[in-house]
Every structure is written in structure tokens, then in C-alpha cells.
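Spelled out, the chains give:
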Amino acid sequence: MTDATPGTPLPAAALPDDAPTGTVVVPDKVGVEGLEDRWAAAWEADQLHAFDRTATREQVFSIDTPPPTASGSLHIGHVFSYTHTDVVARFQRMRGAKVFYPMGWDDNGLPTERRVQNYFGVRCDPSLPFEGEDFVPPHAGGAASVKAADQVPVSRRTFVRLCEQLTAEDEKQFEALWRHLGLSVDWNHQYQTIGETARRTAQTAFLRNLARGEAYQAQAPGLWDVTFQTAVAQAELEARDYPGHYHSLAFHRSDADGAAGLPDGERDVVIETTRPELLAACVALVAHPDDERYQHLFGTTVTTPVFGVEVPVLPHEAAEADKGSGIAMCCTFGDLTDVQWWRELNLPTRSVVQRDGRLVREVPDWITTPAGIDAFAEIAGKTTFSARAAVVDRLRETGEMLGEPRATQRKANFFEKGDKPLEIVTSRQWYIRNGGREWQLPDGTIRDLRKELLARGDELDFHPDFMRVRYANWVGGLNGDWLISRQRFFGVPIPVWYPVDADGEPDYDHPLVPAESALPIDPSADVPEGYTADQRGVPGGFVGDPDIMDTWATSSLTPQIAGGWLSDPDLFERVFPMDVRPQGQDIIRTWLFSTVVRSHLEQGALPWRHAAISGWILDPDRKKMSKSKGNVVTPMDLLVEHGSDAVRYWAASARLGTDAAFEIGQMKIGRRLAIKVLNASKFALTAAPDAEVVLDPSAVTEPIDRALLADLADVVDAATAAFVDFDHARALELTESFFWTFCDDYLELVKDRAYGRGATADDGSVDDLTPEAVASARATLWLALDVLLRLFAPFLPFATAEVWSWWRRGSVHAASWPTSEALRAASGSEGSADDGELALRGLVATAGAALSALRKVKSEAKASQRTPLLAVVLLATPEAADQVSLVEGDLRAAGKVTGALTIEVGAPQATDGEALSVVVTSAELGEAAPRG
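Positions within a chain are numbered from 1, following the residues in the order the chain's sequence is written. In keeping with the model being predicted, local features are shown solely for residues with a pLDDT of at least 70 and side-chain atom pairs are shown and tallied solely at 80 or more, while totals for entire chains, interfaces and linings include all residues. By convention in this description, side-chain values take in all heavy atoms of the structure and omit both hydrogens and water.

K.L.:
Honestly, the pattern of salt bridges in this entry has me stumped. Any pointers?
P.N.:
Side chains that carry opposite charge are capable of pairing whenever their charged atoms lie near each other. Just to be clear on terms, a salt bridge is a Lys or Arg side-chain nitrogen sitting within 4 Å of an Asp or Glu carboxyl oxygen. This model, assessed by the stated rule, comprises 53 salt bridges. The shortest N-O distance in the salt bridge between R38 and E802 comes to 2.7 Å. In this pair, R38 sits in helix α1 (residues 35–46) while E802 sits in helix α21 (residues 797–807), placing the two residues 764 residues apart along the sequence. R38 sits in the partly exposed class, given a relative accessible area of 43%. Assessed through its relative accessible area of 7%, E802 is described here as buried. Salt-bridge contacts for R406 lead to E272; the nearest nitrogen and oxygen are separated by 3.1 Å. Of this pair, R406 sits in strand β16 (residues 406–415) while E272 is found in strand β11 (residues 268–273), placing the two residues 134 residues apart along the sequence. Under the scheme used here, helices are H or I runs from DSSP no shorter than 4 residues and strands are E runs no shorter than 2 residues, and both carry numbers assigned from the N terminus. Throughout this description, buried means an accessible area under 20% of the type-specific maximum (1.4 Å probe, protein chains only), exposed means over 50%, and partly exposed covers the range between.

K.L.:
What is the right way to read the state of the cysteines from this model?
P.N.:
What is meant by a disulfide is a covalent connection between two cysteines, made through their sulfur atoms. Cysteine sulfur pairs qualify as disulfides if the two atoms are within 2.5 Å. By the definition in use, this model includes 0 disulfides. The thiol of C124 is unpaired, and the distance to the nearest cysteine sulfur, on C163, comes to 8.3 Å. On the accessibility criterion, C124 (11% relative accessible area) is buried. C330 takes part in no disulfide bond, and the closest cysteine sulfur to it belongs to C331, at a distance of 6.7 Å.

K.L.:
Can you help me understand the packing of helix α2 (residues 76–94) against helix α18 (residues 703–724) in this one?
P.N.:
Packed helix pairs are specified by the crossing angle of their axes together with the interaxial distance, meaning the distance between the axes. At a minimum axis separation of 11 Å, α2 and α18 run at an interaxial angle of 120°. By the angle between their axes, α2 is oblique relative to α18. By crossing handedness, the relation of α2 to α18 is classed as left-handed. Contacts from V87, V88 and F91 of α2 reach α18 at T720, F723 and V724. Lines fitted to C-alpha atoms define the axes, with helix axes restricted to the stretch in contact, and inter-axis angles between N-to-C directions lie between 0 and 180 degrees. Should an angle fall under 35 degrees it is taken as roughly parallel, and over 145 as roughly antiparallel, whereas 65 to 115 is taken as roughly perpendicular and any remaining angle as oblique. It is the rotation of the near helix from the far one that decides the hand of a crossing: anticlockwise by less than a right angle makes it left-handed, clockwise makes it right-handed. Residue contacts are defined here by distance: any two heavy atoms, one from each residue, within 4.5 Å place the two residues in contact.

K.L.:
I'm lost on helix α3 (residues 110–120) in this one. Help?
P.N.:
Think of an α-helix as turning once every 3.6 residues; residues three or four places apart then point the same way. All of the buried residues in α3 are L110, T112, E113, V116, Q117 and F120. Each buried residue of α3 lies within a common arc of 160° when the element is viewed along its axis, so the set occupies one face. Tucked into the core, α3 has its buried residues touching β5 (122–124), α4 (156–181) and β16. Arc definition: directions from the helix axis to the C-beta atoms.

K.L.:
I would appreciate a short explanation of the sheet that holds strand β21 (residues 482–483) in the present structure.
P.N.:
Strand-to-strand pairing in sheets goes through backbone hydrogen bonds, with the strands running parallel or antiparallel. Note on pairing: DSSP must find at least two bridges between two strands before they are called paired. Within the open sheet, the 4 strands sit side by side as β9-β8-β17-β21. Their pairing is antiparallel. Of all strands in the sheet, those with a lone pairing partner are β9 (230–231) and β21, marking the two edges. Looking at chain direction, strand β8 (residues 215–225) and β9 are connected through 2 bridges and run antiparallel. Bridged to W224 within β9 is A231.

K.L.:
How should I be thinking about the pairing of β11 in this particular structure?
P.N.:
Residue alternation in β11 divides its side chains into a buried set, V269, I271 and T273, and an unburied set, D268, V270 and E272. The sheet contact formed by strand β10 (residues 237–253) and β11 spans 6 bridges and is antiparallel. What sits directly across from L249, in β11, is I271.

K.L.:
Is there a simple way to explain helix α6 (residues 336–344) in this structure?
P.N.:
Of the residues making up α6, those classed as buried are D338, V339, W341 and W342. Buried residues in α6, looked at end-on, bunch into an arc of 165°, giving them a common side. In the core, the buried residues of α6 are packed alongside β8, β12 (282–287), β15 (327–331) and β17 (423–432). We define a polar contact as two N or O atoms separated by no more than 3.5 Å, with the added condition that, inside protein, one atom must be a possible hydrogen donor and the other a possible acceptor, whereas residues neighbouring each other in sequence contribute only through side-chain atom pairs. Of the residues flanking the start of α6, the one acting as N-cap is D335, its side-chain oxygen 3.1 Å from the backbone nitrogen of T337. One or two residues past the end of α6 sits N346, with phi positive at roughly 55°.

K.L.:
Just to check I follow, could you spell out the sheet that holds strand β31 (residues 869–876) for this structure?
P.N.:
Reading across the sheet, the 3 strands line up as β32-β31-β33 and stay open at both edges, with mixed pairing between neighbours. Bordering the open sheet on either side are β32 (897–905) and β33 (918–925), each of which pairs with just one other strand. Going across the sheet, the axis of each strand differs from the next one's by a mean of 15°, ignoring polarity. As paired elements, β31 and β32 share 7 bridges and run parallel to each other. By the bridge assignment for β32, L869 is matched with V897. Lying over the sheet, helix α24 (residues 843–860) contacts β31, β32 and β33, oriented at roughly 40° with respect to β33. Against the sheet, helix α25 (residues 878–886) contacts β31 and β32, and its axis sits at roughly 150° relative to β32.

K.L.:
Sorry if this is basic, but what is going on with the environment of L223 here?
P.N.:
Along the polypeptide, L223 turns up in strand β8. Overall, L223 belongs to the buried group, its relative accessible area being 8%. In sequence terms L223 and R114 are 109 residues apart; their C-alpha atoms lie 20 Å from each other. Aside from chain neighbours lying at most four places away, what touches L223 is T230, A231, V232, L237, L336, L422, E423 and I424.

K.L.:
Would you mind showing me how to read the side chain of R488 here?
P.N.:
Positionally, R488 belongs in the loop between β22 (485–486) and β23 (497–499). A polar contact of 2.5 Å, which involves the side chain of R488, links it to the side chain of E113. In terms of polar contacts, R488 uses its side chain to reach the side chain of Q117, at 3.4 Å. Among all residues touching R488, those that are not within four sequence positions of it are L110, E113, Q117, R156, F228, T230, P546 and I548.

K.L.:
Mind showing me how you'd approach the packing of aromatic side chains here?
P.N.:
The geometry of an aromatic ring pair comes down to the distance between the two centres and the angle between the two planes. Side-chain rings of Phe, Tyr and Trp (the six-membered ring for Trp) are treated as a pair once their centres are within 6.5 Å; stacked means planes under 30 degrees apart, edge-to-face means over 60, and tilted covers the remaining angles. This structure, assessed with the given rule, holds 28 aromatic pairs. Ring centres of Y216 and Y431 lie 5.4 Å apart, and the angle between their planes is 15°; this geometry places the pair in the stacked category. On the criterion of sequence distance, the pair formed by Y216 in strand β8 and Y431 in strand β17 is long-range, its members being 215 residues apart. Assigned by exposure class, Y216 and Y431 land together as buried. Taken together, a centroid distance of 5.4 Å and an interplanar angle of 85° make the contact between F739 and F792 edge-to-face. With a gap of 53 residues between them, F739 in helix α19 (residues 728–755) and F792 in helix α20 (residues 771–792) connect regions that are remote in the sequence. An aromatic cluster is present here, built from F91, F723, F795 and W817 joined pairwise through their rings. Two limits define a charge over a ring: the Lys NZ or Arg CZ must be within 6 Å of the ring centre, and within 35 degrees of the ring normal. In this arrangement the basic side chain of R90 is found over the ring face of W43, its NZ or CZ atom lying 4.9 Å from the centre.

K.L.:
It is not clear to me how the environment of L656 should be interpreted in this structure. Could you clarify?
P.N.:
Mapped onto the elements, L656 comes out in the loop between α16 (644–652) and β29 (660–661). Among the residues examined, L656 registers a relative accessible area of 12% and is labelled buried. For L656 and W43, which are 613 residues apart along the polypeptide, the C-alpha to C-alpha distance reads 28 Å. Discounting residues that sit within four places of it in the chain, L656 has contacts with H84, H463, P464, A612, I613, S614, F726 and H728.

K.L.:
I tried to follow the pairing of strand β27 (residues 608–614) on my own but got confused; where do I start?
P.N.:
With 6 of its 7 residues buried, β27 lies for the most part within the structure. Bridge count between strand β20 (residues 461–463) and β27: 3 bridges; the pairing is parallel. Across the sheet, D461 pairs through a bridge with H610, a residue of β27. Pairing between strand β26 (residues 578–584) and β27: 6 bridges, direction parallel. Paired with Q583 across the two strands is I613, which belongs to β27. Looking down the strands as they point away from the viewer, one classifies a crossover as right-handed if the path from the first strand across the helix to the second runs clockwise. Viewed along the sheet, the connection from β26 through helix α14 (residues 588–602) into β27 turns out right-handed.

K.L.:
Would you explain the nonpolar core in this entry?
P.N.:
Across soluble globular proteins, nonpolar side chains show a tendency to be buried alongside one another. For the purposes of this section, nonpolar cores are sets of buried Ala, Val, Leu, Ile, Met, Phe, Trp, Tyr and Cys residues that join through side-chain atoms within 4.5 Å. Counting residues in hydrophobic clusters, the biggest one holds 133 residues, and the most contacted among them are W178, F742 and L781. Setting aside residues up to four positions removed in sequence, L781 forms contacts with F683, A684, F742, Y746, L747, V750 and A754. Membership of the second largest hydrophobic core comes to 59 residues, among which are A215, I484, L519 and V597.

Printed below as a string of C-alpha cells:
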């Protein structure tokens, strides 16, 4: 590719390649319509964004691209954050880096299952046999909504097949949108989190975690979503307001514990609870050890109302003396505090809530009184909601509820994708250590994994840096290890089986693991070594683990999956650790942290050097846009209506970590900018139709031309520094500001000189221009255009590609990023600051201010800008006066000054007293020349 760099007098050439050198081919009519389809196809045909497999790690800039969830449609938030990544990728590619920019699809997990259930009208029943390849689901997206009760049960194999079918269709639509947006992704490097490579990677990493003691299973209380019938990890919680009622309940002290002889009101211990249905699961009352109201009760017992179960009264620091009555019942389990008390106070387990959200159907053996047995029989098998109403009625009957329930708003934990508060259910689950719990090694020593992961956070460069504290706070506040097993169907299976003992019970303590060479496997279909298929589920045989991994357990390995950790070690050495992880702020606690955990445990290193954190998109009510809130906007319509460059401009105008409003107005500004790039470029390239376009810095001789290139050199340095610091918005701001000055001031000032026309005198004569002065204007236009197209290329890839094709071979996106040295050499401003350089500083701005002052005279007189000025007097500061004199010829031509132009030195001011650099103090207007 021919790549003309400022400082090299190399002729530019237009496409096609056999066109004469120096030829410029500009369409008669230019516009942004249709550029996306044209250039996306050209980039794909040329493999412009393909990764160079010969590059060494030092030459590579690798991106751990977020894999969007392939369940439905992309929304404007995706466009926002992925644009941030793409502008960095394009910048790095132009700087000479070999950019590894893959695309993944997060296509397994609960969101996909929910979409498949609604789309096809089915639900998975793993007990059913496979229906066969010819099975046709009852719906194919035509139904507005299919109620759960109307969904047809299908086998797990059929359900998974439907999941794979729908995600494949969604991914095609996603890719089409990404290409239309102009993402410079290498489409040769794609992966799916349910694909074979991802399954092999996730299962291998899990088995290695297991072998090193980093993965383990435990029967323990955990958060459970009764709707989706699955365990939920701490990172997936949302605290939401939930309506409830406080109930004041009386627990009874026994005579043996000092209640004998006390008045009836003092024999009771009153607690307040929003969950009276859990009375049957109560195992203790807990108060703060310093609370004088209850210190005399510590070590004694009380009897629960209704059920008559004796429970201890115990102290614990986590009890809140100022909440309610200051003493609380601990149930197994009402909330996470109950779990903490249960564990630290060594309390018994009395669970009554099952996985389906209903109470157990048999009376628990710890309830022994006839009244208690009768009361529980009434609520057995009911939902927690129905059981609550029944228990409250019973409390009214027994007189053990003091007063009536009082309405309140309580905070309840929800699964981020769920609609009902979570329960805490005891079940056997798989965990990966993440520093949330103490880790005792086989030799008895304690490994402080939390400290190690906090140190990894200190190593990582966060952009913006204030996002670092979110990572540290999350790691510091963990209270349990990472629960990775899910009771779902479409995901990466837990790759273990269990021996079945002679009584037909699985031996969970001795899992059977496959060889890594056999991965990926599905324990529900594959057979462990040494067994036969007919031994599945029988005494002496085996059973497969029925669970899948949490989607984060796979997504946390995206650097390893995309980089070919197991499938392509040569590639992995060239791209890992990756350079940057771009992502949203809301998944620092999930995706970012879990990826750090997996890389730290497996590779002993950070997975990337930088984390670029985008903000949120806010709707007009300043609320975060999200699918769950129903306030998202479909991006393809915006891309078609305003143009992809315009939407990219809106997205790139927001800094990392900063929330941005969804603004159509900002997109309109971006569209206007893209169109101006096309039109200004057309002028620059056609101002001298008889001249050969040559990038020749030595031709720049006039002060205003040198000043423009000096200013542009400053912009290049500042924009480059901003990009290096992941501040793309600053780079865009600097470039755009200069560009409008270039268009509004410089182009207007030098237009006539570029055309070869001098200023017109009052006698009608035209000033003579030297060939050098004309050549200086043209060379400056071409040099500035060359640099501006490169500066804009990451942001406006389609408009810049279009203009580049008018006069250059190859692609602007394969051109080198501009540097300031050649510009400074052309402007004569390199080296130490001498008087000549100082005179250039601010010259373009001063000249623009003088031209604006001349135009203002005509505007206020409601005269055409073509109206000649027969005489004009400018008042300027001493510095501005010197600068105006340097551009007098261009100023006279641009302002149509045909008579005397007098420059006086003074202290110019606006009418409101504001100090200015230059103003018009008097002017005489002539008659505007007729058009044509």
C-alpha cells in the first residue's frame, strides 16, 4: 500500500490502482448514505482487520472483547460501549500494533433458556426421552407470550437443540449490526461460550481447579430462585424494595429460666419479623452482646409461639440493637444473616422451605407438641405466601401476636433476572474459591486468597482509575466462595460422575473425573472410564452430575477461549496476557473479578494489563437503560436513520466510566460532522483542479499556513496522548474542535488563494499572487486533510474511508497514525521557541476573529456576505495587530475588502465590556455584486 506521510513529497493516487498518479476522483454529489454497506464489504474482501499470526507478543495489542448475550437483540448500550472499544482498536492498528480483536457470543445460560421457552413455547423436562430430529415446536416466535402452564415439556436433548438453533439465528443478526456499526473485529476469530472450544476450556479449567483444591462441593445453605429452580451466586444478587409487614411475636420464657413469679407481660420476649412463616424453622433468638435489655437472657431458652419449640437466646455482634425490638429470631434460613449466625453459633439446621418455594409436606421431627403438629399440618406444602397468612391467623388465635401487622418496605434479595425474592435452601453445590472464605491447605496452613486477589487489583490499570475501588470493595466484602453450579440445562456440564453405592446412593465424596483428552464431555450422555452405559443409575454403577456451570464460569475464561489456551498454544503465546478488557461498570463484581480469579489460579497472572470501564446509558428520566426496565432503543433503526458514523460520534463523545444520556441531538451533530468532513475534503481536493495533489511540506511558506500546521501538530500530540491513556473522548474533542476552526476560519481565509485569486481592490483590480503563495495554501490544505482524516478515522470510519478513496491507494485504516514531527518541520515551529514560532501561536484564531468581525458588520447590516467593504478600520491588541498584518491579503480576499483596511492598536472590547483581540470600529459597505 502507498502510504504518504506528512514530510514525504509523495504524490497521492486515487483508486483504481492503475489511475494516473496524482489523479483525484471526487463524486459530483457526496453524502453519508450507503457508505456502511460499501465499506464494510470492502474491508471484509480485503481482510483489512485480520490478525497477523506472525506478530510477536511485543507487537500485538489484544482485546478481550465482551461476548454479548445472544438472547434476543442488541440494545443501544451495546453500541455505546462497543464503540469505545473499536475506536481504541482502530487507533492501535494505525499506530502499527497487530491488533487481535475477536468476537464472542455468550449464548448459554438462563437468558437463552428463557428466550427459547417463550419463543418456541416449550420447557425442559430432563426425564423425557428424546423426541427425535423431526420434532417441531408448537411456536416459532409467532406467539406474543406463552404462559409457563402452556409450554410443552420436551427432553433435555431437544431443548438444547432448540437453544442452539435460536442462538445461531440471533448471532447472525448481531454480526450484521456490528458490521453496519463498523466494528473492526477480525471475524475469522469468533467463539461461542457453548461451543466445543469453550466447553473444553471451561471443563479443563474446572478439573484443574478441582485437582488443586480450588474447586469443591458442599452441602450448605445457599441462595435459591424458586421460579427458575436454580442456585444463585452472591454476584448475581439485586437488593430491591419489597412490600411486607412487621409482626410482633411473643416467645415464652420458662419457669426454669427465671420466669416464675413474673407478670405475664414480662414472661415473654418480643421479637419483630417480616417472615412469620419461618417460625417453624427458628433455631435461636439473637441479640447484641452489649444490649443490656437481653444480657440476662443469654444462656437461657425460650419457647416459640404456635409451634412450642425450645430455642436458646444467644449473643452475636451482628445483631442490631436499634432495629425493631433489638432481638431477632434466627431461622434456617430467612436471610444471609441467619446463615452467618447459624455457622458461627453452631446452630442446628431446621429447614422448612423446599426448592419449589413451598414448605415441606411432612411435619418436622423437632415439632413435638400437639398444637405445634396441628399448626404445621395446616401449612405443610403451601407456598411461603400462603403459609404466612395461615401462621398469622394462628398467631391471632393464640394471642401470641401483639397488635396487628404494620406495613413496611423491606430490602429483599432477588436474582438479577428474577421476579420473586430469593429463598435460602440447603443443597449440594459446586464452588470455586475466590477469597470469600478461609482456605486451609492440606498441610494445615492458611492461604490468604483474598489478599492475593486484592493485590491483583492493585496491579491492574483501571480506566478511569476511580473504578478500582469498586473491585477492592467487592473483594473485601465477599462472605462466601463462588457458587458455580446451576440447576439448568443449556450450559457447560459439570464434568464429573459419581459412583453409586450398594444402596443406590451417589458417593459425592469420590467424584469420577474424565481425562483432559476426553473433554468436552456431557455426564448425562457419556460414560466414565471403567463403566458401561447400562450401569447408569444402578447400585454399583454411576450417575452423572446433572448440573451445568454458571455462565460466568465460562465467560470468566474468555481470554483463554479467544486466545486458544488449549486449542492454539502458538496464538495464546502471542496474545496473552491481553492488553485490555473493555466492559461495563455493573459487571466488575462478576465478569472482571471472576476472570481475574481464574487467570490468577491457572496462569498465576493478570488476564490483561488494562480494564476500560464504560458508563451507563441513561434514558430521558436519567434512569439506566436496560432490557429488564423496558426502556432500551433498537440500535439498527438509529444506524439507518442517522448513519453509523453519527451514532459512533455520540458514543465516542462520552468518557469511560461516565454515564451518558441517550441524545438524538448528539447523533445529529455527528451526522453533520461526517457530512462536513466529506464536503470540506471535496473542497480541499478540488480547489486546484489543474494541479497535481502532492504532499509537499517544503511548499508551505505563508505564516497562516505554517500557523495552521503548528496548531495541528499540537492537536496530534494531545490526541495521541489521550488515546494512549484510553481517553478517546478527549481525542475526539480535540480533533473536532480543530476541524471546525479549520473549516470556519482557515478554509474561508485561504479559499481565494487556493483558487489562485487575490484580493480585489476598489478600482476592480485583483492583487497578484505569487505561485509560492498559491502553492503554500494548496499544500497546507492537503497536508491538513491527510492528518485530519487519520485523526478522525477511529471515530468516523466510513466517511474517512470514503474521502481517502478519492485520492489515495489502500485504506485510511491501514495508514499510519499521524505524528507531529513532520508538521512542526513544515510549520517551522520545531526546536526552541523563537520569535517566528511565537508569532504563529494563536495566529489562526486571531485571523478567524478578524474575519468574524468583518462578517458581523455585514450581518448586523442585514447585508450579503458578498457585499464589499469599501473601507474598514480594525482595532486590535498589539499582539493581534501584528498577527492580522501577517494575513492581510487573505483577510481582504475572504472579507471582500476592496478599499483601505486600517489596523489600529488599542484595547478592543465587546459592547458588554468583554476584552477581545480585534473588533471593527468603522466600516463602509458597498453594493453586493449580483449572483452569477
